[in-house]
Amino acid sequence: MSQIDSESYSRRDLLILYATETGTAQEIADRIARECRRVRFHCHVQSMDAYPPESLISEHLVIFVVSTTGWGAEPRAMTSLWNMLLRSDLPDDLFEDMYFCVFGLGDTAYEKFCWPAKKLSRRMQSLGGYEICSRGEGDEQHTLGVDGALDPWVEHLLQVLLQFYPLLPHEQDNIAAGRPPPRVSMRDLTSDTSLNPDPLDEDTVYHTASVKCNRRITAEDWFQDVRHFEFSFEDDIKYNPGDVAVIHPSAVASEVDSFLVTMGWANVADDLFIVERTMLDQTLPDHLPRIASLRTLFIRYLDFNAVPRRSFFQLLRYFATDELEREKLDEFVSIEGADEMYDYCQRVLSEFRSARIPRDYIFDLFPPLRPREFSIASSIELHPREIHLCVAIVRYRTKLKIPRKGVCTSYLSGLQPGDTLRIGLRKGFISLPTDPNTPVVCVGPGTGVAPMRAVIEQRVHEGHNNTTLYFGCRSAHKDHHYHSEWESYAEEQKLRYRVACSRDGPEGVKRTYVQDLMQKDAQDIWTMLGQQRGVLIISGSSNKMPTAVREAVRGAVEEFGGRSNAEAVEYVAAMKRDGRLIEECWS
């Protein structure tokens, strides 16, 4: 490992790259930056998908913060950088001048815990990078969640950084502690300041869409509300099966009103001010305008409905003046009070009445209102200038029986025909075979059928009749999404359709799921995926289903492909490596 150049050493520059799906990795990257700031590091925090991969070779000190999606897949934001790192022509001393470390986020309830972080750590070392701090692995199953591993890891990281970059004697006694400064400053608007265009309207990745259809496709008396949406565009949009639509939601206006009253901001909610970024090592919401009001910020940019994280309570304590409330907040952030914290957090702002949050700190306390991604459920060939979505409207109750709902799906459910919104397009993971003789097997229970509808429409349009769909639902009469389409394609011999309705069987009889149908069809599965070297696409919830489907394929390879158990396991793994097993799953 060569020495870091003196200029970078004196600047103490540190790049923190994060890849997130839900926002947790972003929040942790910000926290790490705040802690590193205390020991005089100048941090730059950036999402991996916004960072040019070719610039990585010029970095000297990098911290990677990586979440895990589905069953061990990397977040979509990591894909471009990861693909670059996997190039076979990269020299093994490419990053010989780089110090790096990795913190992964995962859940030990899943098989491949922190898998992307582990792979990234190994790959960076194989390319010559020097890992200065052992990999951290945050576990959602810990009493404190990912904080259980993060807190000691950050403490160790700071010790290691000070060994490599020691402070000068006069700096050692002046390490900042206590309340961190806010990441923005709010300056009242003067009368001569002109308003800026909406940054989302200026983003060319997004297109203006008009709502054409918002229709419930589950039975009215069914517990789950699943909607079929159709959006039309004036732009000549292009996308492929498996691509995703990106939607920025807006919070419900009446809920924002109630929140502003609770916070004591109702009388100033519509006052305009200039948002000035003061802490360059902290992230801000995407498409944030320079001029805004509190009402606008909480409708479009800050998620006041999010379940507060531990860092929220740690910062809120600085603004509570009542001693009993401060003691309660101290208890919440302790290991002993963790369970009570998560039960209590739904009513936190109304309970801690002495806490008066300064306007400048709202971006530090409330997480960004993140855009949501939905698999596109249509083929552009059959529906020019349109996007269709299949969306489950999220509603549930907390442990305290408090009703909760998804911000984005609630926003979508309220859309009426003729309403307009901006929708972005992002490339997905599905790649269809170019050879028309290659079979495609789609497994998509529930709303996992969304990208399968795009795949099937595309293949029907191209004249292929060697596509198979395994669909799973609870009841043939309640949540059998798009059944008339599948049945019509099957009748025309354009699709082989197999459906498992798990709750329609007799009482006491084992329920049937998609993997059970595949086990029954083991010989056909081997013919399509083995002899004809077809492609298997799995989409849906990353609970037990993807593993069970892979196990059904393994069984078919072993029974009808004449492989041993070990050989069959390797065959399925090779399908994954060769791009013949594609998973589009979510937790």
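Here the structure is a predicted model, which is why all the values come from computation and not from measurement.

Within the secondary structure layout, Ala490 lies in helix α17 (residues 483–491). Linking Ala490 and Leu469, residues 21 residues apart in sequence, is a C-alpha distance of 9.9 Å. Contact partners of Ala490, with chain neighbours within four places excluded, come to Leu495 and Tyr497.

The next thing to look at is the nonpolar core. Among the nonpolar cores identified, the biggest contains 37 residues, and Leu297, Phe298, Ile362, Phe363 and Phe366 are the most heavily contacted of them. Elements with a contribution of two residues or more to this core: β7 (184–188), α8 (253–263), β11 (273–277), α9 (294–300), α10 (310–316), α11 (323–332) and α14 (362–365). Among residues more than four places away in sequence, those in contact with Phe298 are Ala251, Val256, Phe259, Leu260, Trp265, Phe304, Ile362 and Phe366. If you look at the next biggest cluster of nonpolar residues, it comprises 31 residues, including Leu14, Ala25, Ala29 and Ile132.

The next thing to look at is a nonpolar patch on the surface. On the surface, Val307, Val394 and Tyr396 cluster together to form a nonpolar patch covering roughly 240 Å² of accessible area. Tracing the backbone shows Val394 in the loop between β14 (386–392) and β15 (395–397). Overall, the relative accessible area of 36% leaves Val394 in the partly exposed class.

Right, let's get into the sheet that holds β11. Spatially, β7-β11-β12 is the arrangement adopted by the three strands of the open sheet, whose pairing is antiparallel. The sheet terminates laterally at β7 and β12 (291–292), the two strands that pair on one side only. In terms of strand pairing, β11 meets β12 through two bridges, oriented antiparallel. Within β12, the position partnered with Ile274 by the bridge is Ile291.

A few words on the pattern of salt bridges. A full pass over the atoms with the stated rule returns 39 salt bridges. Of the charged contacts, one joins Arg183 and Asp364 as a salt bridge, the two residues approaching to 2.9 Å between their closest N and O atoms. You can see Arg183 sitting in the loop between α6 (169–172) and β7 and its partner Asp364 sitting in helix α14, a full 181 residues away along the chain. What makes Asp364 buried here is its relative accessible area of 19%.

The rules behind the values
- Residues numbered from 1 in each chain as written.
- Predicted model: local features only at pLDDT ≥ 70, side-chain atom pairs only at ≥ 80, totals over all residues.
- Heavy atoms only, no water.
- Helix = DSSP H or I, 4+ residues; strand = E, 2+ residues; numbered from the N terminus.
- Contact = heavy atoms within 4.5 Å.
- Core = buried A, V, L, I, M, F, W, Y, C linked by side-chain atoms within 4.5 Å.
- Buried < 20%, exposed > 50% of the residue type's maximum accessible area, 1.4 Å probe, protein only.
- Patch = residues over 30% accessible without salt bridge, like charges linked within 9 Å, V, L, I, M, F, W, Y side chains within 5 Å.
- Areas by Shrake-Rupley, 256 points an atom, 1.4 Å probe, with all protein chains shown as cover.
- Salt bridge = Lys/Arg side-chain N within 4 Å of Asp/Glu carboxyl O.
- Pairing = 2+ DSSP bridges.

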